[in-house]
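Here's the letter readout for the chains.
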Amino acid sequence: MSYRIGVDIGGTFTDFTVARESGELLLWKQDSTPDDPGRAVVQGLAAVAEQLDTDVEGLLGETELFVHGTTVATNMLIQRNGPTIGLLCTEGFRDVLYFRDGYKPERFNMHLPHPRELVDRWLRIGVPGRFDPTGEEVAPLGEDEVRAAAAQFREAGVRAVAVAFLWSMLYPRHEQRAAAILREELPGVDVICSADVLPEIREWERTSATAMSAYVMPKIREYLTALTAQLEGGGLASPLLIMQINGGCARVPEILARPVNILASGPAAAPAAALHFAGSVGDNLISVDMGGTSLDVCLIEDGRAAMSREIQVEGQPIGVSAVDVHSIGAGGGSIGWVDAGDALRVGPRSAGANPGPACYDQGGTEPTVTDANVVLGYLNPDAFLGGRRRLRDDLSRAAVDEFVGGPLGLSTVEAAAGIVRVVNANMVGAIRAVSVDRGVDPRRFTLVCAGGAGGLHAAELARELGIEKVFVPLEAGVFCSFGMTVTDVRHDHVTALHQVTDTIDLDAVNATIAEMEGAARAELLEEGFTEDEITLEREVDARYPGQVHEITVPVPSTPRLGPDDIATLVGSFHEQHLAQFAYNRTTMPIECLHWRVAAIGTGAAAARPDAAAEAGDVQPMRTTEAYSTASGEVEETPIYDVAALGVGASVRGPAIVAAPTTTIVLHEGDVLERRDADGFLIEVAPAAGAAGGALTGAVSA
Amino acid sequence: MDQVTFSVMMRRLESISLEMTQALERSAWSSIIALCHDFSCVIYDAKGRQLSVHDPIPALVTSLELVVDAIEEGFGDDIADGDIFLCNDPYRGNTHVGDLVISRPVFVEERLMFWLMIKAHHIDVGAFEPASCTAAARDTFQEGLRIPPLKIVAAGTPRLDVLELVLSNVRLRNLVEGDLLAQIGSAERGRRLILEFCEEFGLETVEEYGEEVIAYADRRMGAVIERIPDGSYRGSGWVDSDGYAVKNVPVEVTVEVSGDQVVVDFEGTGAQAEGGFNSSVATTLTAGRIPFLFYADPDIPHNQGCFEHIEVRAPKGTIANPEYPASTSCATVVPAAMFHDAINKALAAAVPEMVHAGTARCSNVPQFFGVDEETGEEWAMMIFNNCGGSGAVKEADGWPLLESVAAMGGQKALPIEQMELLYPVQVEEMEIEPDSMGFGTTIGGFGVRFTIRPLKGSMHCITFGDGTANPPHGAVGGTPAIGGGQFVEEAASGRRTYVSASGHVLVARGDTWTGVATGGGGYGSPLERDAERVRREVRDGVIGRAAATEIFGLVIGEGDDPALDAAATRARRAELASRARPLVEPTEPEAATWVEENLRPGDLYLENPTVD
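A closer look at the environment of D132 of chain A
Part 1 of the reasoning: Considering the arrangement of structural elements, one finds D132 of chain A in the loop between β7 (130-131) and β8 (137-139).
Part 2 of the reasoning: Between the C-alpha atoms of D132 of chain A and Y171 of chain A, which are 39 residues apart in sequence, the distance is 9.2 Å.

Listed below in structure tokens is the structure:
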């Protein structure tokens, strides 16, 4: 027996997914222990081992992959309860973190608070030392000033110092020297250089990524060191791997070199899970994870997750390459309300877990999306969370009436249907943001709907987007911890090398790429991957000479790039520019700036368990009164138990399919099929024609 | 229409404006558009009514119906699918010549349904000086190429001859061409999305939505105006100069509120300026409307429905409504920014919870131009790294780098490294200027000190700001900000030449230009600001010890991280409380003292200098 283990620490629960060789899954939720997050990991492992008829040593000794995702760092940022840190920067520029890019969002909101910097101004200290863009040393490093700064940092009791100088991504010498002095002066204090964290142009993003790394470093180091010791002590045979925001995982020393990579990394496991579950349907997927308070959306095109370098966590840019997960405040707990102009709105405010939706009967009075789904008859009050929680549908009705139905003059059901339609519209907006907004037509994608609330909205979301197929995984509720058991190891490398294609120095480019690829390959080999398990991907950030922003285009994978490869590169740039911006200038050459190599180590594919029983005669458990989007009325609707649906079995909507961690709602014409052990495929009925198509529902004012 | 479909359609149109915005920003060529974000994309309906924007620069939207009118007046029935118009004429509905409007009518089923309007501030429009905003322009012929509405693309065919006419009249033609292409591309992106939108909802629903969303904004803005007690309110202020010899040009405004309607009248405002400090019709209209948009809940859709409640009047022959061919080169901020402040001052007594204190009025937004001595190439940039802060409001401090009410942070600062990579300059400093903001219970956004040095040849610096003499006002007992200023420092002698808020100077290779932008005005009594917060601001070096003691009444200890003496602070504050402050301050022109405080023996001060 061998195991793959994914452990995802969240604010409330620490989720465990243990995959056996056979592909069978064991899922476990352990209460998180925020004061000492590692304790829940150890406790959970003991509980899991017991269920597998072994002990922790027995489990860890046979674990071939142990991937851990943690919100420890993210929560420190959200709660701002990290240590006091210092920033050493170029003289004259100590307010880089404060000025940001000078842009204020929400133009007309004079009360918007300014995002608070991670380093207080008196601990942001500028020192002399300057390079120009060509590498000429304009002013030498002021070593005395660095020592004076160290004295001030010591006085203030800082636990970590970020060192971020202008132009250090090209000329890191001053940063390196300053860091050496600080380490000498401040033993026991973590010192992190910006050139090591994010060697790219743009000082705000680079400084921010470095400050964030310094902020989380002391606690992360302590935590990961202790956890490693515990797991190794418990006999873990494989290295502890940590989930990163780039969608791959890495070993602890790598994480401690660039801690920014673990911020907001949990949802980055979604693409791996989506590809595992729905890969048989296709490799163009949009994964949607709808939980209690938020919706995480990610686009996967040709089997690759969309990446971004513009992600911010708590208003601070992280700068590094990240799986482009778009999150909005839309979940089961999102509150429906009527604004000052009588428009129906849902979220971003959420009732969260406490007080939770009105139907939880824990003091919540405002109507949530969950309440609306109860009113519409989609959620069975008696069978929520496998019957562990009884829902008060009368409280849902009262809340919907009081806050939406009454003010708008709608019946309870109309108001509830309205709440669902508006939250669907918000979710559609989020899905469009990762697809249409980037020039990608979502209609050729399969929607993968996970999260406890995903199945309720899946078919309607797809219909509004013109998407024909939806996949709902059977274990929709533990999507990301599962994803960690099937994720890759990934290292991103980047080198700045400025070249224009009509005068390109192919030797320099080839040498740059070869150096990165050689280092990346060596790293993965050392980590135990074989040559066939290693994939190297090349990209370059390019623009027209004189243009400002770059787009990232693939670089041909020919071992040694020649003129034809450059022609291919130029061609794909023109093409992509036209697709994204509706114009191009094909007579111009292309200016290349940052060359990138992503090195991916792919483990053996996870096995799939045997399929469930073959399709037999499919009969509903019973019927219930549920809202029909076709008629706008409450109608008798059959409910099916997922256990009764063998492989190949199909159900035609309107119908409700109840699964252990999710409920799937099918509307008129939707057809659900049990695919295999992994989940369900829904063929979505096209939007009703006529005026308004998919969005003309039955609600009327 | 049901509220749900309505909400869905509103979100969709906003996302279309956003997508057009992103396409233009990511694919533009000059840093003023691609990095500084000085543009806005707006959707107008077939009747020329503003329908949807996404986080726009207030002064770039809010009046584009006038350009739609001008196109219709010029072309009548000759407006076809595939046409794309270009216009920058301030005498035909535009704000100022620097803003080039690309306007694309969208036809669905052969009917004109929408106008997509993309207004972007270009780096050069061929003025007599190398800048697109110039205080020294004496008439519209000096401020640059004036382009009446014309077809840059006719029925899908680009008119290369027309494009060439434009490009032949500007500096940096490659950038201007790229930026125009990016604007046209953005319009095309918008058109495709609009077609999808219409297909999905059907034209009838789309038209119905247009009426409903305007009525919705109308209702909400009506409720905002209703909250202002009926009455006639007067406010005033001063624009530092007319670009030439006239100083302290008065701005007078009467705000007449009656029910849910308001009339903003600039009667009494000073005679039209000799230089480029006149307001175009479009800009005066936006200036009358914009303050009220800030009084409303920020999530109100900023469409024509809001504007229906506000009428703007301006007498002919004044800086608010000059006679042709006066120059309106700098209109969007000078004099418009003082119009905004004057309206806020007028309403401070009636609705103190709505108004904000004075905001920087384009202090400082330098336009640099030079020729690289090594390559012979021209370079130019207009930057927002050195612009001032916004005024405080009740319960919220101002933000830095907001530039003016006209922009309110809609523009971006250039990354220093990008600036040094793109242009032959070295930036020496960009930091918060301590004590540059007005003080109060809430304080203005901080000002910025910014120093830059040309490396490869001399550098022109052309500024068009306001407020060095007449600083952003304090409101409801808050203090005014410093006003700020600018100077050129000779590297060899250390001698400084200070310059008024606008002017044209040459910075020799190796010398430096420094701008000290003003912060925003303060709001409410400084004695009521949280004492611990002020202590931290002293520790952080943004409020000086003198101001903390004398104005905030703080008693603190010594050292880098001084302790607060709470009891002594209470006592000192009680003592200082007897000092009354006016509702708005200053009450007289030329209140700023920053320049005279900073002039050293041997330094010079120049008013509105020019370079031959």
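As for the domain arrangement of chain A
Part 1 of the reasoning: When the domains of chain A are assigned, the result is domain 1 (1-61), domain 2 (81-217), domain 3 (334-424) and domain 4 (488-601).
Part 2 of the reasoning: The C-alpha-based centres of domain 3 of chain A and domain 4 of chain A are spaced at 50 Å.

Section: the sheet that holds strand β29 (residues 622-627) of chain A
Residue and element names in this part refer to chain A.
Part 1 of the reasoning: Reading across the sheet, the 4 strands line up as β29-β30-β32-β33 and stay open at both edges, with mixed pairing between neighbours. Both edges of this open sheet fall to β29 and β33 (663-666), since each of them pairs with a single strand only. In this sheet, neighbouring strand axes are inclined to one another by 30° on average, regardless of whether the strands run parallel or antiparallel.
Part 2 of the reasoning: Where strand β32 (residues 655-658) meets β33, 4 bridges bridge the pair, whose relative direction is antiparallel. Of the residues in β33, the one forming a bridge with A658 is T663.

Here's the deal with helix α12 (residues 393-408) of chain A
Part 1 of the reasoning: For α12 of chain A, with 16 residues, the first-to-last C-alpha span of 21 Å sits near the 22 Å given by 1.5 Å per residue.
Part 2 of the reasoning: Of all bends in α12 of chain A, the biggest is about 50°, found at D401 of chain A.

Digging into the pairing of strand β35 (residues 679-683) of chain A
Residues and elements named next belong to chain A.
Part 1 of the reasoning: With respect to burial, β35 is a largely interior element, 4 of its 5 residues being buried.
Part 2 of the reasoning: For strand β24 (residues 469-473) and β35, the ladder comprises 5 bridges, and the chain directions are antiparallel. Paired with F471 across the strands is L681, a residue of β35.
Part 3 of the reasoning: Both strand β34 (residues 671-676) and β35 contribute to a ladder of 5 bridges, which runs antiparallel. By the bridge assignment for β35, V671 is matched with E683.

Things to note about the interface of chain B and chain A
By convention, interface size is frequently given as the accessible area that disappears when the constituent parts associate.
Part 1 of the reasoning: Counting residues at the interface gives 79 residues for chain B, matched by 61 residues for chain A.
Part 2 of the reasoning: If you list the elements that add at least two residues to the side of chain B that touches chain A, you get α1 (3-27), α2 (31-34), α5 (173-201), α6 (203-226), α7 (281-295), α10 (416-422) and β14 (425-433) of chain B.
Part 3 of the reasoning: Here the element with the most residues in the side of chain B that touches chain A is α1 of chain B; it accounts for 13 residues.
Part 4 of the reasoning: Of the residues belonging to the side of chain B that touches chain A, the class tally is 35 nonpolar, 21 polar and 23 charged.

Re the domain arrangement of chain B
Residues and elements named next belong to chain B.
Part 1 of the reasoning: For chain B, the assigned domains are domain 1 (3-219) and domain 2 (356-525 + 581-612).
Part 2 of the reasoning: Measuring from the centre of the C-alpha atoms in domain 1 to the corresponding centre in domain 2 gives 30 Å.
Part 3 of the reasoning: Class assignment for the residues of the side of domain 1 that touches domain 2 results in 14 nonpolar, 3 polar and 4 charged.

A few points about the nonpolar core
Part 1 of the reasoning: Residues L88, V161, V163, L447 and V448 of chain A together with I118 of chain B are the most contacted members of the largest nonpolar core, which totals 418 residues.
Part 2 of the reasoning: Looking at this core element by element, the count peaks at 14 residues for helix α13 (residues 412-434) of chain A.
Part 3 of the reasoning: If sequence neighbours within four positions are ignored, V163 of chain A has contacts with L88, E175, A178, A179, V191, I192, C193 and S194 of chain A.

A short note on the confidence of the model for chain B
Part 1 of the reasoning: On average, residues of chain B carry a pLDDT of 96, and 100% of them reach 70 or more.
Part 2 of the reasoning: This complex was scored by the predictor with a pTM of 0.89 and an ipTM of 0.95.

Definitions and cut-offs
Throughout, residues of each chain are indexed from 1 in the direction in which the sequence is written. All chains are assigned letters beginning with A, and all ligands numbers beginning with 1, in the order in which they are written. Thresholds applied to this predicted model are a pLDDT of at least 70 for local features of residues and 80 or more for the giving and counting of side-chain atom pairs; totals over whole chains, interfaces and linings are not thresholded and use all residues. For helices the rule is a DSSP run of H or I covering at least 4 residues; for strands it is a run of E covering at least 2, with both sets numbered from the N terminus onward. Marked domain ranges trace back to an automatic or database domain assignment. DSSP calls a pair of strands paired once it identifies at least 2 bridges connecting them. Helix axes are fitted to C-alpha atoms over the stretch in contact, other axes to C-alpha atoms as well, and angles between N-to-C directions run from 0 to 180 degrees. Each helix should span, by expectation, one fewer than its residue count multiplied by 1.5 Å. One fitted axis covers the seven residues ending at a residue, a second covers the seven starting there, and the bend at that residue is the angle between these axes. Exposure is read from a count of other C-beta atoms within 10 Å of each residue's own; the residue is exposed at 12 or fewer, buried at 20 or more and partly exposed in between. C-beta atoms are placed from the backbone. We call two residues in contact whenever the C-beta atoms placed from their backbones are within 7 Å. Residues are grouped as follows: nonpolar covers Ala, Val, Leu, Ile, Met, Phe, Trp, Tyr, Cys and Pro; charged covers Asp, Glu, Lys and Arg; every other residue, Gly included, is treated as polar. Think of a nonpolar core as buried Ala, Val, Leu, Ile, Met, Phe, Trp, Tyr and Cys residues chained together by C-beta atoms that fall within 7 Å. Each residue gets a pLDDT score, which is the predictor's confidence in that residue and runs from 0 to 100.

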